[in-house]
Amino acid sequence: MKKRFEDMKPQNVDEIISGLYQVICQMDVLREKYNMDEHFGQLMINADNPDARLKVNTFIRVISEMDQIKVALEYLNKPIKFEGVLQQMTDGTVHLNETVINEGTKIEYLAADQWNIGYIKKNPKTFRGSIYDDKGKIIIEKIDQIKARIR
């Protein structure tokens, strides 16, 4: 039996994220089913006035942002695989509990009472692991007993 829209009130943030992810996935199914990307490509080619070009460029940004939102929601929908404490080892490797964390691995680390997303990368100055943001900026230079988790 289908739920009525009024009855689908999310009870928590996980349900909101899951619901939005399902909506975006359905939009992707429709995009593919009706070959919208190819049709839109043809409309882009035929955009022969300033108004049409504005709409085409805006639509391209919207689709791009929707794709980025889908990636973020997909990530947040994944379960936590394991959680523990990040430690820098004397051989230069970074461990989460007993597991070696490879360079480039996306992790969540706890800072200021909030989970944050970062990437483990080797610091070229120290040749040890550091936590970087998605723009390549060092967030935490020295890894020492940092609570972390991986999805």
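Located above this text is the structure these notes cover.
Right, let's walk through the structure included here.

The rules behind each value
Just so you know, the residues in each chain are numbered from 1, in the order the chain's sequence is written. Side-chain atom pairs in this predicted model are given and counted only at pLDDT of 80 or more, local residue features only at pLDDT of at least 70, and totals for whole chains, interfaces and linings cover all residues. As a rule here, side-chain values cover all heavy atoms of the structure and leave hydrogens and water aside. Strands qualify as paired when DSSP identifies two bridges or more between them. In this text, helices come from DSSP runs of H or I with a minimum length of four residues, and strands from runs of E with a minimum of two, each type numbered from the N-terminal end. To obtain an axis, a line is fitted to C-alpha atoms, over the contacting stretch when the element is a helix, and the angle between two such axes runs from 0 to 180 degrees between their N-to-C directions. The cut-offs for exposure are 20% and 50% of the maximum accessible area for each residue type, with area from a 1.4 Å probe on protein chains only; residues under the lower value are buried, those over the upper are exposed, and the others partly exposed. Any pair of nitrogen or oxygen atoms within 3.5 Å is treated as a polar contact; in protein, a donor-acceptor pairing is required on top of that, and neighbouring residues in sequence qualify only through side-chain atoms on both sides. Any carboxyl oxygen of Asp or Glu that lies within 4 Å of a side-chain nitrogen of Lys or Arg is treated as forming a salt bridge with it. The contact definition used throughout considers only heavy atoms, calling two residues in contact when any of these lie within 4.5 Å. Note on patches: the residues involved have over 30% relative accessible area and no salt bridge, like charges join within 9 Å, and the nonpolar side chains Val, Leu, Ile, Met, Phe, Trp and Tyr join within 5 Å. We get accessible surface area from the Shrake-Rupley algorithm with a probe of 1.4 Å; when it comes to residues, only the shown protein chains can shield them. Any Phe, Tyr or Trp ring, taking Trp's six-membered ring, that has another such ring centre within 6.5 Å forms a pair; planes under 30 degrees apart are called stacked, those over 60 apart edge-to-face, and the others tilted.

## Describing the sheet that holds strand 3 (residues 99-101)
Okay, so step 1: Here eight strands make up an open sheet; going across it, the order is 3-2-1-8-4-5-6-7 and the pairing antiparallel. Looking at the sheet topology across the chains shown, the edges are occupied by strand 3 and strand 7 (138-140). With direction set aside, neighbouring strand axes in the sheet form an average angle of 50°.
Okay, so step 2: In this sheet, strand 2 (residues 94-96) lies alongside strand 1 (residues 82-88) in antiparallel orientation, the contact comprising three bridges. Counted as the bridge partner of Gln 87 is His 95 from strand 2.

## A word on the environment of Asn 35
Okay, so step 1: Its location among the elements puts Asn 35 in the loop between helix 1 (13-33) and helix 2 (36-45).
Okay, so step 2: Classification of Asn 35 by relative accessible area gives partly exposed; the value is 34%.
Okay, so step 3: Between the C-alpha atoms of Asn 35 and Gly 19, which are 16 residues apart in sequence, the distance is 24 Å.
Okay, so step 4: Reaching out from Asn 35, the side chain makes a polar contact with the side chain of Glu 38 at a distance of 3.0 Å.

## What to know about the pattern of salt bridges
Okay, so step 1: What the rule picks out here adds up to eight salt bridges.
Okay, so step 2: Across the salt bridge formed by Asp 28 and Arg 31, the nearest N and O atoms sit 3.6 Å from each other. Of this pair, Asp 28 and Arg 31 both sit in helix 1, separated by three residues, roughly a single helical turn.
Okay, so step 3: What makes Arg 31 buried here is its relative accessible area of 17%.
Okay, so step 4: Connected through shared salt-bridge partners, Asp 28, Arg 31, Asp 37, Asp 67 and Lys 70 make up one network.

## Things to note about the environment of Thr 105
Okay, so step 1: Within the secondary structure layout, Thr 105 lies in the loop between strand 3 and strand 4 (106-111).
Okay, so step 2: Residues Thr 105 and Ile 131, spaced 26 residues apart in sequence, show a C-alpha to C-alpha distance of 9.8 Å.
Okay, so step 3: Ignoring any residue separated from it by four or fewer positions in sequence, one finds Thr 105 in contact with Gly 118, Tyr 119, Ile 120 and Ile 150.
Okay, so step 4: There is a polar contact of 2.6 Å between the side chain of Thr 105 and the backbone oxygen of Asn 102.

## Some points on a nonpolar patch on the surface
Okay, so step 1: A surface patch of nonpolar side chains, amounting to about 300 Å² of accessible area, comprises Leu 30, Tyr 34 and Met 36.
Okay, so step 2: Accessibility expressed as a relative area gives 47% for Tyr 34, which makes it partly exposed.

## Observations regarding the packing of aromatic side chains
Okay, so step 1: With the rule as written, the count across this model stands at one aromatic pair.
Okay, so step 2: Aromatic side chains Phe 40 and Phe 59 sit 4.3 Å apart centroid to centroid with 50° between the ring planes, which places their arrangement in the tilted category. Here the residue Phe 40 occupies a position in helix 2, and Phe 59 occupies one in helix 3 (residues 50-77), the gap between them amounting to 19 residues.
Okay, so step 3: Classification of Phe 40 as buried rests on a relative accessible area of 17%.

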